[in-house]
Amino acid sequence: MSNAPDDDRQQGQDERQEAFRRLLRSLPVWDTELPHFDPATAPDDPLPLFQQWLSEAARAGSIEPHTMSLATADASGRPSVRTVMLHDADERGWHFATHRTSRKGRELAARPEAALAFYWPAVGRQVRVQGTVTAADAAESRADLGKRSPGALAAALVGHQSEELPSYAELERASDAAWERAHREPDAPVDSWTLYVLAADEVEFFQGDARRRHVRLVYRRTDTGAWTTRLLWP
């Protein structure tokens, strides 16, 4: 006995899946002229090259080039990833901030290691960073939040990041109150707001090539604190 509704439902799912696969295969990859990168010209330290590449990505029109994927893991090693904003990159490392009570904050407390990934399709470039993460003190964390926009302060004041939300209406009420306070009290403290600094022990620069002859240059920090470089097959 044929089960026509189930057969029709399965056929519909198969057609949607095939349409999705066709879409994936049709999407262009690097259909624009990409810059050339000669690894022989790279500096001894990855920081100047990173700052140069981010600046060039911004000039090339990459949207929000200062956003990055941040990967952390819990105490059992189960990973999680999300997109956050880069606040600075200096001799100390790559800076970002969040509530220490959020999922990523809790995971960094349990396992203070992380990986970052930047991708700038306008120039076919990717940078991966991995290393040890430390939390800045309360004064520096407050100063970091103070440099951000009223909207960023309002979002921080809402708090409860990663906690279960009973209803969207509750978020609306909390957000409205936070925006009002942020404008009334631009120096409002948010005790859970924490600045983190990732001190890199490895940084990889990837330059895409239309003929798939990608350049991968890896910096690794030695025990003495110096950097070594090597190329990887793409």
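Our structure is the block above this text.
Residues numbered from 1 in each chain as written. Predicted model: local features only at pLDDT ≥ 70, side-chain atom pairs only at ≥ 80, totals over all residues. Heavy atoms only, no water.

### Details of the overall build of the chain
In plain terms, the rule: Each helix corresponds to a stretch of at least 4 residues labelled H or I by DSSP, and each strand to a stretch of at least 2 residues labelled E; elements are numbered beginning at the N terminus. In this setup the radius of gyration rests on C-alpha atoms only. A globule is expected at 2.2 Å times the number of residues raised to 0.38. A simple rule labels every residue: compare its accessible area, found with a 1.4 Å probe on the protein chains alone, to the largest value its type can have, and call it buried under 20%, exposed over 50%, or partly exposed in between. Only heavy atoms matter for contacts: two residues are in contact if any of them lie within 4.5 Å across the pair. In these tables, accessible area is a Shrake-Rupley quantity obtained with a 1.4 Å probe, and a residue counts as shielded only by the protein chains included in the view. Counting rule applied: Lys, Arg positive; Asp, Glu negative; His and chain ends not counted. Where a charge lies is defined by one atom per residue type: Lys uses NZ, Arg uses CZ, Asp uses CG and Glu uses CD.
Each helix and strand in the chain was counted, giving six helices and nine strands. In terms of C-alpha radius of gyration, the chain reaches 22 Å, well past the compact-globule figure of 17 Å for 234 residues. When the backbone C-alpha atoms are referred to their principal axes, the chain occupies close to 65 × 55 × 40 Å. Counting the 234 residues in the chain, one finds 35% classified as buried. For the chain, restricting intrachain contacts to residue pairs at least 6 apart in sequence, the fraction spanning at least 24 positions comes to 64%. Counting every atom, the chain has about 14500 Å² of accessible surface; 51% of that belongs to carbon and sulfur. Side-chain charges of the chain comprise 29 positive and 36 negative groups, with the mean position of each set lying 3 Å from the other.

### Remarks on the pairing of strand β9 (residues 227–232)
Rules: Here, a strand pair is defined by DSSP locating no fewer than two bridges between the strands.
Summarising the sheet, strand β8 (residues 215–221) and β9 pair through six bridges and their orientation is antiparallel. Residue pairing for β9: Arg216 is matched across the bridge by Leu232. Adjacent in sequence and paired antiparallel, β8 and β9 are bridged by five residues, among which Gly225 carries a positive phi angle near 95 degrees.

### Here's the deal with unusual backbone geometry
Its identity is not glycine, yet His160 carries a phi of approximately 60 degrees, on the positive side. Within the fold, His160 resides in the loop between α5 (150–158) and α6 (168–184). A positive phi angle, close to 75 degrees, is found at Ser162, a residue other than glycine. Position of Ser162 relative to the elements: it lies in the loop between α5 and α6.

### Some remarks on the pattern of salt bridges
This is how it is decided: A side-chain nitrogen of Lys or Arg and a carboxyl oxygen of Asp or Glu constitute a salt bridge if their distance falls within 4 Å.
A complete count under the given rule lists 12 salt bridges for this structure. Between Glu140 and Arg92 there is a salt bridge, and its shortest N-O distance comes to 2.7 Å. You can see Glu140 sitting in helix α4 (residues 138–146) and its partner Arg92 sitting in the loop between β3 (88–90) and β4 (93–99), a full 48 residues away along the chain. A salt bridge links Arg181 to Glu185; the shortest N-O distance between them is 3.1 Å.

### Thoughts on the packing of α5 against α6
We count it as follows: Orientation is described by lines fitted to C-alpha atoms, with helices fitted over the stretch in contact, and by angles between N-to-C directions that extend from 0 to 180 degrees. Roughly parallel covers angles under 35 degrees, roughly antiparallel covers those over 145, roughly perpendicular covers 65 to 115, and oblique covers all other angles. Two helices that cross are described as forming a left-handed crossing if the nearer one is turned anticlockwise from the farther one by less than a right angle, and a right-handed crossing if clockwise. Note that Gly is not counted as nonpolar here; it falls among the polar residues with everything else outside the nonpolar set of Ala, Val, Leu, Ile, Met, Phe, Trp, Tyr, Cys and Pro and the charged set of Asp, Glu, Lys and Arg.
Where α5 contacts α6, the two axes come as close as 8 Å, and the packing angle between them is 130 degrees. Between α5 and α6, the angle is such that the two are oblique. With respect to the hand of their crossing, α5 and α6 are arranged in right-handed fashion. Where α5 approaches α6, its residues Pro150, Gly151, Leu153, Ala154, Leu157 and Val158 are matched on the opposing element by Leu171, Ala174, Ser175, Ala178, Trp179, Arg181, Ala182 and His183. Partitioned by chemical class, the residues of the contact of α5 with α6 number 10 nonpolar, three polar and one charged.

### Comments concerning the nonpolar core
To keep it simple, the criterion reads: As used here, the term nonpolar core means buried Ala, Val, Leu, Ile, Met, Phe, Trp, Tyr and Cys residues forming a set that is joined through side-chain atoms within 4.5 Å.
Core analysis: the largest hydrophobic core is formed by 33 residues, its most contacted members being Phe50, Trp94, Phe118, Trp120, Val127 and Val203. Breaking this core down by element, the ones donating at least two residues are α2 (46–59), β1 (67–73), β4, β5 (113–120), β6 (125–135), β7 (193–207) and β8. For this core, the leading source of residues is α2, giving six residues. Residues in contact with Val127, not counting those within four places in the same chain, are Phe50, Trp53, Leu116, Ala117, Phe118, Trp120, Val203, Glu204 and Phe205. Counting 14 residues, the second-largest nonpolar core is a separate cluster that includes Ala154, Ala178, Trp193 and Leu195.

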